[in-house]
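Survey of secondary and tertiary structure
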Amino acid sequence: MSKTTAVAAKKKPSAKRAEVGAAMLGRDIFVAALEREAVEVIFAYPGGASLEIHQSLTHSKIRTILPRHEQGGSFAAEGYARATGKAGVCMGTSGPGATNLVTAIADAFMDSCPLIAITGQVSQAMIGRGAFQETDIIGVTLPIVKHSYLITNINDIPRIVKEAFYIAQSGRPGPVVIDFPKNIQQQKTQPVWPTLDQIKKGLRGYTQPDLKADELALNEIMGLIEKAERPVLYCGGGIITSGAAAELKKFAEATNIPVTTTLMGVGGFPETHPLSLRWLGMHGAASANWAVNGEYAYRKDPNGPMAKLKDGADLLLAFGVRFDDRVTGKFEEFCKHGTIVHVDIDASELNKNRKAHLPIVGDIKDALTRLNKLVAKRPMQKKHTAWLAQIAEWKEKAPFAYRITPEIANSDHMVDHLQGQENEVILQQMVIETLYEMTKGEAYITTGVGQHQMWAAQWYKYKHPRQYISSLGLGSMGYGYPAALGVKVALPDKQVIDIDGDGSFLMNIQELATAHIEKIAAKAIILNNQHLGMVVQWEDNFFAGNRGHTYLGDPDHRAEIYPDYVRVCNSFNVKCERVMYKKDLRAAIQRMLDADEPYVLDVVVPYSTHVLPFIPAGKTVADMIWKA
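Residues numbered from 1 in each chain as written. Predicted model: local features only at pLDDT ≥ 70, side-chain atom pairs only at ≥ 80, totals over all residues. Heavy atoms only, no water.

**Quick look at unusual backbone geometry**
Filter applied, for reference: The way it works is that DSSP assigns letters per residue, a run of H or I at least four long becomes a helix, a run of E at least two long becomes a strand, and they are numbered from the N terminus.
Here Tyr-562 and Pro-563 are connected by a cis peptide whose omega angle stands at -5°. A cis amide bond links Leu-612 with the next residue in sequence, Pro-613, at an omega value of 0°. Of note, Pro-613 is situated in the segment after strand S24 (599–604). Here Phe-323, not a glycine, exhibits a phi torsion of approximately 50°, which is positive. Relative to the helices and strands, Phe-323 resides in the loop between strand S16 (315–319) and helix H15 (325–328). Positive phi, normally seen in glycine, also occurs at Cys-335, with a value near 45°. Note that Cys-335 resides in the loop between H15 and strand S17 (339–344).

Here's what the structure looks like:
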């Protein structure tokens, strides 16, 4: 052996090098990069600036689903992401195709959903010249993305795609936009495929050490729990995103602390569990709102004094939440008399809406895992018996409830259609309650936005993470059915049902064609009251019932149900039936559940039903209306 060979033999093996591939077109490199990220499905609508990528997709193992509108496709990608935890992928062409993705991008940003939104772009030479179907989608989406890329060099494609998926799925998830000019799609080069470690090293402004809560802070939490008489766990979407549901359940049971969630956190703790308070906030459980804030006498004047009847939490453990205004009401009054501990992976959320006494940056799954170890070493002596008894009293006093009032029975649509059979009226809550019973609480539920969204959260008890999927931060109507398509694609063996309103369902009704053509057996229940129900509720409460363009039916034929969803759905070759009487409801739901294809139930309900409890925006628990 020569001296040179001997020296070489002693050298440490080099780090894994990037792989170099055969020469390929830019469009093929891009699709190959998606395949390397284990993309299973892409929801993509073609156009002039993206058709070349579609040509490459025809030769790919990735399933391409053609939505009938880019917004529908992007909501479907969100549904897929929310159901799996993996990044959903959607694509549109330049200009209007790109701008039609914007609502879903904003929605994903608000709800911390990993989304890769790909847009075709005009050729580089035409950018900035007002070319046909040109839009600066990077500029348009700048405030609502976690990151964005305009590809300017074909050799950057492998790096950009790998970075995009890493950024979208790591830390606090969110949307990433990749804008892909047409001329680069048409160029050719040898791709160099970087490793994930190489990608992480190159992201100096993004990559952080593993975000772990400080050990001293965790011990301080333990000390606060030992001193507390009335502790409450307040948990949000971070529990689900981090996969910490099992750790949360173990911690709650070991400490005997009751758990309330945000709507984003629904399913993160089983709602059938004795320690569950369900969810809190504007339309949340009265018992949960009282447990956090204390019970107050109802005040008719929102500017009047607050008269406390019973104390709420003296310790609020806020895990993976953002203190959204729909939860807190008036920020400074939320848990005013309790010590607040806030643990979140995103430091920007700490002290943003509600000042915490102990703010902690850290991944919540890691924090709960370590807290469980601390509890195992020094088990809790307090059982909080008196506190749990008080909560049980509140639960019994103010459960979610409904009743048929004379106003409901005599509302025009009920009188028109029931004709003396007012006892056969179907309330929205009845529908969801029956669905819950018939599915044994195992269905995956998506929703549009409005009253039905709140009732779907109130009357279906969620046992699993990712089981309730809704547009919650942005509140985007038209979300429910496209999202159900994405969830069903991700979970083909599960019952996936969109609980929707007639207004919200109509906004993306064209996706019935996608469901039929792609054979996606997502179901939908339309709670059809011919009105924008939630806005009507606000009109009733704040504008003496004056209707400001909230009627969705045909004013010249008010007795008719308009549009006729049965005929509309049938025109898409999707089965649909209308349910008018309570006696027919259960059998109709069973037919829907038994179907192995898309199926819609159009259930006629009154528009005068209100969602209760109700805390008006910006108000307090003292302003909560909790019974009819």
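**Some remarks on helix H6 (residues 102–110)**
Given 3.6 residues to a turn, an α-helix orients residues that are three or four positions apart in the same direction. Applicable threshold: Residue exposure (1.4 Å probe, protein chains only): buried if accessible area is under 20% of the type maximum, exposed if over 50%, otherwise partly exposed. In this analysis, two residues are considered to be in contact whenever any of their non-hydrogen atoms come within 4.5 Å of each other.
When H6 is considered as a whole, its buried residues turn out to be Val-102, Ala-104, Ile-105, Ala-106, Asp-107 and Ala-108. Packing partners of the buried residues in H6 comprise helix H4 (70–84), helix H5 (96–99), strand S6 (115–121), helix H7 (137–141) and strand S8 (175–181). Once H6 ends, the next one or two residues include Ser-112, with phi positive near 50°.

**A few points about the confidence of the model for the chain**
Atom-level detail of predicted coordinates should not be read off regions where pLDDT is low. Which entries qualify depends on this criterion: The predictor attaches a confidence to each residue, called pLDDT, with possible values from 0 through 100.
Scored by pLDDT, the chain has a mean of 94; 97% of the residues are at 70 or more. Under a pLDDT of 50 for its full length, residues 1–14 has, in the predicted model, 1 contact with residues more than four places off or in other chains.

**Considering the side chain of Arg-370**
On the secondary structure map, Arg-370 appears in helix H16 (residues 364–377). Judged by its relative accessible area of 16%, Arg-370 is buried. Ignoring any residue separated from it by four or fewer positions in sequence, one finds Arg-370 in contact with Lys-212, Ala-213, Asp-214, Glu-215 and Leu-218.

**A short note on the state of the cysteines**
Inclusion rule: What counts as a disulfide here is a pair of cysteine sulfur atoms lying within 2.5 Å.
Within the structure shown, the criterion is met by 0 disulfides. Not engaged in a disulfide, the cysteine Cys-235 finds its nearest cysteine sulfur in Cys-335; these two sulfurs lie 13 Å apart. In this structure Cys-235 comes out as buried when scored by relative accessible area, which is 1%. In this structure Cys-576 is not part of a disulfide, and its nearest cysteine sulfur, from Cys-569, lies 4.0 Å away. Of the residues examined, Cys-576 reaches a relative accessible area of 11% and is grouped as buried.

**What about the sheet that holds strand S7 (residues 147–150)?**
Inclusion rule: Only strands joined by at least two bridges in the DSSP assignment are considered to pair. The axes used here are C-alpha line fits, helices contributing only the stretch in contact, and every angle between their N-to-C directions lies in the interval 0 to 180 degrees.
The 6 strands are arranged S4-S3-S5-S6-S8-S7 in an open sheet whose pairing can be described as parallel. On the outer flanks of this sheet lie strand S4 (63–65) and S7, each paired with one strand and no other. Between one strand axis and the next, the sheet turns by 20° as a mean value, whatever way the strands run. Relative to S6, strand S5 (residues 88–92) runs parallel, the two sharing 5 bridges. Note on S6: the bridge partner recorded for Gly-92 is Thr-119. Packing against the sheet, H4 makes contact with strand S3 (41–44), S5 and S6, and its axis sits at approximately 170° to S5.

**Quick word on the environment of Ala-318**
Topologically, Ala-318 is positioned in strand S16. The spacing of Ala-318 and Phe-269 is 49 residues in sequence and 14 Å in space, taken between C-alpha atoms. Every residue in contact with Ala-318, bar those within four places of it in the chain, is listed here: Tyr-234, Phe-323, Val-341, His-342 and Val-343.

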